[in-house]
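Given next are the chains, with one letter for each unit.
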Amino acid sequence: MTVLSVNVNKIAVLRNSRGGREPDVVAAARACLDAGAHGITVHPRPDARHIRADDVYALAELTRARGVEFNLEGNPFAPPRPGYPGFLALCERTRPAQATLVPDGDAQLTSDHGFDFVKDAVQLRPLVTQLKGMGCRVSLFADAHGDPATCTIARASDCGADRVELFTGPWAEAFAQGEPERMLERFAGAAMRAQAAGLGVNAGHDLNQENLQAFLAAVPGVLEVSIGHALVAEALYAGLSTTVSRYLRLLGDG
Ligand SMILES: CC(=O)[C@@H](O)[C@H](O)COP(=O)(O)O
Ligand SMILES: NCC(=O)COP(=O)(O)O
């Protein structure tokens, strides 16, 4: 079975837009877990555009109390700054069940590529060792959509990683354009090469209710998907009619 880790970054985007406490990230995470989600993911960014250090601490406590996986994602190379203690410090303080390393830059709107496991190995190896020493399972964000001849995904095992997370943005794009076949072949091939090297395979980015099943049917042995942006958008649509009805009842119209 593939487990679902819900990414609650977008709840924090909404909260931060008004500067108050609502919507509450922990309450939202609790609702996801009450609905049966297997874990919670967050990807705090150094500019604190959504998840803040305090959210990470509170979610670590919630997931520990509920006995579910906390998946902390982030760029381990981004230096600390006021309000952001750094990815390793956050892991040290919260001991997430899974640490997912992602090579994003500050200016990125969102994550858009994985590591080059040949070029980045020297830097990654000691970090992976350090995180494993904290008791974290370590997953590395990986491209799976490129030419199989140049794909370095299997080399993630040389970095000491337990898993890779396939960057599924290109899959979502190919699906939306009605051209899924070649992309599915590439992702399935990359997943199998990673598995042959002893790595577990996770997947995430832009997965949604439309593109998820075809992906999982074609890509073997995906252990976990982390989904946030689309899931929160879909939740808005699913919840809007109930909520509008409630307001109308309050107004005596319904
Ligand atoms: C690694 C990954 O694909 C997700 O964590 C995604 O980047 C979410 O981050 P944002 O919510 O900041 O877009
Ligand atoms: N690791 C991917 C993730 O946590 C969520 O990505 P998205 O669904 O917000 O694109």
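The shown structure was predicted, so the numbers you read here are calculated from the model rather than taken from an experiment.

Structural notes on helix 6 (residues 169–176)
Taken together, the buried positions of helix 6 are Pro-170, Trp-171, Ala-172, Ala-174 and Phe-175. If you follow the buried residues of helix 6, they end up packed against helix 7 (180–196) and helix 8 (212–218). Positioned one or two residues after helix 6, Gly-178 has a phi angle of 75°, which is positive.

Quick word on the site of ligand 2
Residues in close proximity to ligand 2 total 14 residues, the closest being Asn-7, Gly-204, Ser-226, Gly-228 and His-229. For the shell around ligand 2, the elements supplying multiple residues, two or more each, are strand 8 (222–227) and helix 9 (229–250). Partitioning the shell around ligand 2 into residue classes produces three nonpolar, eight polar and three charged.

Observations regarding the sheet that holds strand 1 (residues 3–7)
If you walk around this closed barrel you meet the eight strands as 1-2-3-4-5-6-7-8, and the pairing is parallel. Strand-to-strand twist in this sheet, taken as the mean axis angle between neighbours without regard to direction, amounts to 25°. In terms of strand pairing, strand 4 (residues 98–101) meets strand 5 (residues 137–142) through four bridges, oriented parallel. Paired with Gln-98 across the strands is Arg-137, a residue of strand 5.

Focus: the UniProt feature "active site" (unreviewed entry) in the protein chain
Under the feature "active site" (unreviewed entry), the UniProt entry names His-43, Glu-73 and His-205. What stands out for the annotated residues spanning 163 residues is how close their C-alpha atoms remain, the widest pair being 12.2 Å apart. Note that His-43 resides in the loop between strand 2 (39–42) and helix 3 (53–66). By C-beta crowding, His-43 is classed as buried, having 23 other C-beta atoms within 10 Å. Other than its neighbours up to four places away in sequence, His-43 contacts Asn-7, Asn-9, Ile-51, Glu-73, Gly-74 and Val-102. As for its position among the elements, Glu-73 is in strand 3 (residues 69–74).

Digging into the site of ligand 1
The immediate surroundings of ligand 1 are formed by Asn-7, Asn-9, His-43, Arg-45, Glu-73, Val-102, Thr-110, Ser-111, Phe-141, Gly-204, His-205 and Gly-228. In the shell around ligand 1, the residues fall into two nonpolar, eight polar and two charged.

Some details on the environment of Thr-168
Here Thr-168 shows up in the loop between strand 6 (163–167) and helix 6. Residues contacting Thr-168, with those up to four places away along its chain left out, are Ala-203, Gly-204, His-205, Asp-206, Leu-207 and Phe-215.

With respect to the nonpolar core
Ranked by size, the top nonpolar core spans 63 residues in total, and within it Leu-140, Ala-142, Ala-156, Val-164 and Leu-166 carry the most contacts. With five residues, the single largest contributor to this core is helix 7. For Ala-156, the residues in contact, after removing those within four places along its chain, are Phe-117, Leu-140, Ala-142, Ala-161, Val-164, Ala-194 and Leu-199.

Digging into the pairing of strand 5
Taken across its six residues, strand 5 has five buried, putting it largely inside the fold. Sheet topology note: the strand 5/strand 6 ladder contains four bridges and is parallel. Along strand 6, the bridge assignment pairs Ser-139 with Arg-163.

Things to note about unusual backbone geometry
That bond from Glu-22 to Pro-23 is cis: its omega, -5°, falls within 30 degrees of zero. By the secondary structure assignment, Pro-23 is in the loop between helix 1 (9–16) and helix 2 (25–34). With phi around 50°, Ala-48 is a residue other than glycine that occupies positive phi space. Relative to the assigned elements, Ala-48 resides in the loop between strand 2 and helix 3. For Ala-48, a count of 17 C-beta atoms within 10 Å gives the class partly exposed. For Arg-95, which is not a glycine, the phi torsion comes out positive at approximately 45°.

Examining the UniProt feature "binding site: 3-amino-2-oxopropyl phosphate" (unreviewed entry) in the protein chain
The sites that carry the UniProt feature "binding site: 3-amino-2-oxopropyl phosphate" (unreviewed entry) are, in the present numbering, Asn-7, Arg-18, Asp-206, Gly-228 and His-229. A stretch of 223 residues holds the annotated residues, and the largest C-alpha distance among them is 25.4 Å, long enough that they do not meet in one place. Residue placement: Arg-18 occurs in the loop between helix 1 and helix 2. Here Gly-228 shows up in the loop between strand 8 and helix 9.

Here is what the cut-offs are and how they apply
- Residues numbered from 1 in each chain as written.
- Chains lettered and ligands numbered in written order.
- Predicted model: local features only at pLDDT ≥ 70, side-chain atom pairs only at ≥ 80, totals over all residues.
- Buried ≥ 20, exposed ≤ 12 C-beta atoms within 10 Å, placed from the backbone.
- Helix = DSSP H or I, 4+ residues; strand = E, 2+ residues; numbered from the N terminus.
- Contact = placed C-beta atoms within 7 Å.
- Near = placed C-beta within 6 Å.
- Nonpolar A, V, L, I, M, F, W, Y, C, P; charged D, E, K, R; others polar.
- Pairing = 2+ DSSP bridges.
- Axes fitted to C-alpha atoms, helices over the stretch in contact; angles between N-to-C directions.
- UniProt positions renumbered as here; feature names shortened; annotations may be inferred.
- Core = buried A, V, L, I, M, F, W, Y, C linked by C-beta atoms within 7 Å.

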